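The residues making up each chain are set out below.
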Amino acid sequence: MRNSTTRRWQGVVAGLWLISAGAFAAAEIKEAKEAPPVRLDSTADHSKFKQLQGTFDSGPKVTKACLSCHTEAARQVHRTKHWTWEFLNPDNQQRLGKKNVLNNFCISISQNYPFCTSCHVGYGWKDKNFDFAAEENVDCLVCHDTTGNYKKLPGLAGHPAYKPVETPPGSGNMVKPPDLAKIAQKIGKTSRDTCGACHFFGGGGDGVKHGDMDSSLAAPDKDLDIHMDATGLDFTCATCHATSSHDVPGSRYKPTATDKHGAHIRGKMGQGNPATCQACHGNTPHKEKARLNTHAEKIACQTCHVPTFARGGVATKMSWDWSTAGQKGADGKHMTRKDDHNHVIYDTRKGDFVLGEKVKPEYRWFNGDISYTLLGDKVEKSDVPTGVNRIGGSPADGRSMIWPMKVMRGVQPFDPINKTLVMPHTAGNDDIGFWKNLEWEKAIADGMQNMGAPFSGKVDFIKTEMFWPITHMVAPKDKALACAECHSADSRLKGIDGIYMPSHSQKRWLDIAGWLAAAATLLGVLIHGALRIVMSRRK
Amino acid sequence: MKRSLMLIAAVLGSVAAGSAVAYDADWKRGRVYYRQICTSCHTAQMPKPIAPNDKVKADWAAYLQADKHAKGKETVKQYFGKPYRASIKATNQAAAKFAEVPDQDLLDDVKAFLQKGAKDGDAPASCS
């Protein structure tokens, strides 16, 4: 009996094997024509890795798991500007980077570390004693998240929330901690979303700082950016900023204003910055209208191909006046004022703002040289704004092109005795930060002491300006600037030295001389013709 | 007997593993489809388009489950169908790009985006 039952089961098993074998054979015939489905965006499915299963209660623990396979990654990151926030300009030896420079937005990171470092590619930079050598302090997820759920909140020194956090404080809006394991299991290549998580929000909000980078570039259409068009070429940031060993090329501290290397050829060494237009398009990019290539010798591609910035529906700050900060509402509390477009144009903590959308750039000769006014550099109060940065360039130096710029104008605190710009402690729920306490002297003294810089105790305000070369939001060619935008009396390039533009650079005496010459020629022809007729009749 | 049952389980398991895996919704494609199909049409026809963060996750789930568009005069699903995409692809780049994507995949993509971008989602999203 037992033997017969066993035989029956064996028969069933054999039958099932035959059926499945037949099914697989049929599938194989089909697969010979069509490959089986497979992930094409990565060679590894990280959800299958034991190291990433289970739960993680901190970012550094995720990093340790990543480093168990990617053994060199953290030390590669340690060599980059994204980690050090420092850059030594080889041309003028200025030590730049977010760790050292000032700006005319939120001014500086001194004593504001836990807030500013929510955009650091690391965990735990809460004061100047941060351990830059610790490998587990590198944040892999901030650049490699594909879920869009990884967020580093201001005030947490580069950490994500590990428990629900009310953001902003007092708002009642609770932000949930991200599921680190789930995010780690889905990591992938960088994207516009990951780079944009910081670069779209520079200056403290969406689109505030750059003007040509804001959240509208996360999934833009063709008109907003021909390269990043989500339904077209769909470039990520890394398509142009072609990264090697975690080092991202393309720097605002030492930009490439003129690229004479031409289009990059694979394998050729020393081709320069891969993020320039010329790196793909070469130096004679106009195939149909070759005449335009002569323009490309002196005019940056961006000048014609980025007709306006902040045109994705997100406004950018064009000026910031810190001197008016501190006004409170009728109830004695902090207040904000908004314009008709619901943009905040006054904030008790920050002063007055001017915002702009679809802004026409200003244009300047630019050769890539940028120098900064750093802490300790002498400044003089006057009606002429102090350059927080200054750009080099002229029509005659052989290195310059005419570039579009966002010029950020501001009024910011400075030390009128020592004649230096200052770094105030602004953010934080403590007894010093300006945003809570509204006392400049205390806030500046703390920020300057942290940097080891002198402060007289006196505060005044100084006009400043800062240049931001415009390079993103490249319009399709049919939306680029038309000829008349420059070749007209009201030219976009009016006031630019060293150029002669037909229909713009008009000189009345030259016009009169030209017309007189033309009239004299015509008169001469008429007289000559008349004489010939008269003479022939006489014959 | 026990060995034979284990063998059956192994065979059935291998057959199941060989079958199609569950579709992993692409919220980024859903975002593009929502903004360039749903938002662009609503922007043209309504005073204010509906942003993902205008509703909570449960509302979006209920809306898609009910499958009623224009107060029940038509279905939501029809706007994810290939015929609809074909009808607008000459003027809509998203419809052209995703013309051949299976209907259910696109619907799942947009669902994923709406769950994520809802007011109580992991990353509340506006229209742009």
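Above this note sits the structure.
Just so we're clear, the structure is a prediction, and the values are computed from it rather than from any experiment. (Residues numbered from 1 in each chain as written. Chains lettered and ligands numbered in written order. Predicted model: local features only at pLDDT ≥ 70, side-chain atom pairs only at ≥ 80, totals over all residues. Heavy atoms only, no water.)

Caption draft 1: Fine view of the nonpolar core. Residue and element names in this part refer to chain A. If you look at the biggest cluster of nonpolar residues, it comprises 45 residues, and the most contacted ones within it are Leu96, Trp322, Phe366, Tyr372, Trp403, Met405 and Phe434. The set of elements that each furnish at least two residues to this core consists of β10 (370–372), β13 (401–415), α13 (434–437), α14 (440–451) and β15 (460–469). Of all the elements, β13 adds the most residues to this core, at seven residues. Membership of the second largest hydrophobic core comes to 27 residues, among which are Phe56, Trp83, Ile109 and Ile187. (Core = buried A, V, L, I, M, F, W, Y, C linked by side-chain atoms within 4.5 Å. Buried < 20%, exposed > 50% of the residue type's maximum accessible area, 1.4 Å probe, protein only. Helix = DSSP H or I, 4+ residues; strand = E, 2+ residues; numbered from the N terminus.)

Caption draft 2: Broad picture of unusual backbone geometry. Residue and element names in this part refer to chain A. Of the consecutive residues Thr167 and Pro168, the connecting peptide bond is found in the cis state with omega at -10 degrees. Summarising the element assignment, Pro168 is placed in the loop between β3 (165–166) and β4 (174–175). A positive phi angle is found at Ile107, which is not glycine, with a value near 80 degrees. Summarising the element assignment, Ile107 is placed in the loop between β2 (95–96) and α5 (113–116).

Caption draft 3: Expanded view of helix α2 (residues 27–45) of chain B. The end-to-end C-alpha distance of α2 of chain B is 25 Å, a good match for the 27 Å that 19 residues give at a rise of 1.5 Å each. Of all the bends in α2 of chain B, the largest measures some 35 degrees and sits at Thr39 of chain B. Looking at the buried residues of α2 of chain B, the elements they touch are α8 (192–199) of chain A together with α3 (57–66), α4 (82–88), α5 (93–97) and α6 (103–117) of chain B. (Expected span 1.5 Å × (residues − 1). Bend = angle between axes of the 7 residues up to and from the residue. Contact = heavy atoms within 4.5 Å.)

Caption draft 4: Fine view of the packing of α3 of chain B against α6 of chain B. Residue and element names in this part refer to chain B. Look at α3 against α6: their axes get within 9 Å of each other, and the N-to-C directions meet at 160 degrees. As the angle between them shows, α3 and α6 are arranged roughly antiparallel. α6 is crossed by α3, and the crossing has right-handed handedness. Together, Lys57, Trp60, Ala61 and Leu64 of α3 and Leu107, Lys111, Leu114 and Gln115 of α6 make up the contact between the two elements. Each residue belonging to the contact of α3 with α6 can be placed in one class, and the counts come to five nonpolar, one polar and two charged. (Axes fitted to C-alpha atoms, helices over the stretch in contact; angles between N-to-C directions. Parallel < 35°, antiparallel > 145°, perpendicular 65-115°, else oblique. Left-handed = near helix turned anticlockwise from the far one by under 90°. Nonpolar A, V, L, I, M, F, W, Y, C, P; charged D, E, K, R; others polar.)

Caption draft 5: Representation of the packing of α2 of chain B against α6 of chain B in the model. Residues and elements named next belong to chain B. As a packed pair, α2 and α6 sit with axes 7 Å apart at the nearest point and diverge in direction by 90 degrees. By the angle class used here, α2 and α6 are roughly perpendicular. Every residue of α6 that contacts α2 at Trp27, Arg29, Gly30, Arg31, Tyr33, Tyr34 and Arg35 is listed here: Asp105, Leu106, Asp109, Val110, Ala112, Phe113, Leu114 and Lys116. Taken together, the residues that form the contact of α2 with α6 break down as eight nonpolar, one polar and six charged.

Caption draft 6: Representation of the pairing of β13 of chain A. Residues and elements named next belong to chain A. For β13, the tally of buried residues reaches 14 of 15 residues, placing the bulk of the element in the interior. Judged from the three bridges that link them, strand β5 (residues 316–321) and β13 form a sheet pairing that is parallel. Residue pairing across strands places Trp320 opposite Gly410, the latter belonging to β13. Here strand β9 (residues 362–366) pairs with β13 via five bridges, running antiparallel. What sits directly across from Tyr363, in β13, is Pro404. As defined by bridge partners, β13 adjoins β15 across 10 bridges and the pair is classed as antiparallel. (Pairing = 2+ DSSP bridges.)

Caption draft 7: Region of interest: the packing of aromatic side chains. According to the stated counting rule, one finds 21 aromatic pairs over all chains in the structure shown. Seen in terms of ring centroids, Tyr79 of chain B and Tyr84 of chain B are 4.8 Å apart; in terms of plane orientation they differ by 80 degrees. Their pairing is edge-to-face. Overall, the relative accessible area of 19% leaves Tyr84 of chain B in the buried class. Grouped by ring-pair contacts, the aromatic residues Trp83, Trp85, Tyr113, Trp125, Phe130 and Phe132 of chain A constitute a single cluster. Here Arg29 of chain B stacks its cationic end above the ring of Phe98 of chain B, 5.9 Å away from the centre of that ring. Lying over the aromatic face of Tyr63 of chain B, Lys55 of chain B brings its terminal NZ or CZ to 6.0 Å of the ring centre. (Phe/Tyr/Trp six-rings, centres within 6.5 Å; stacked < 30°, edge-to-face > 60°. Lys NZ or Arg CZ within 6 Å of the ring centre and 35° of its normal.)

Caption draft 8: Quick peek at the side chain of Thr373 of chain A. Residues and elements named next belong to chain A. When you line up the elements, Thr373 lands in the loop between β10 and β11 (386–387). Within the structure, Thr373 has its side chain in polar contact with the side chain of Arg390 (distance 2.7 Å). What Thr373 contacts, discounting residues up to four positions off in sequence, is Leu102, Val379, Thr386, Gly387, Val388, Arg390 and Leu421. (Polar contact = N/O pair within 3.5 Å; in protein donor to acceptor, adjacent residues only side chain to side chain.)

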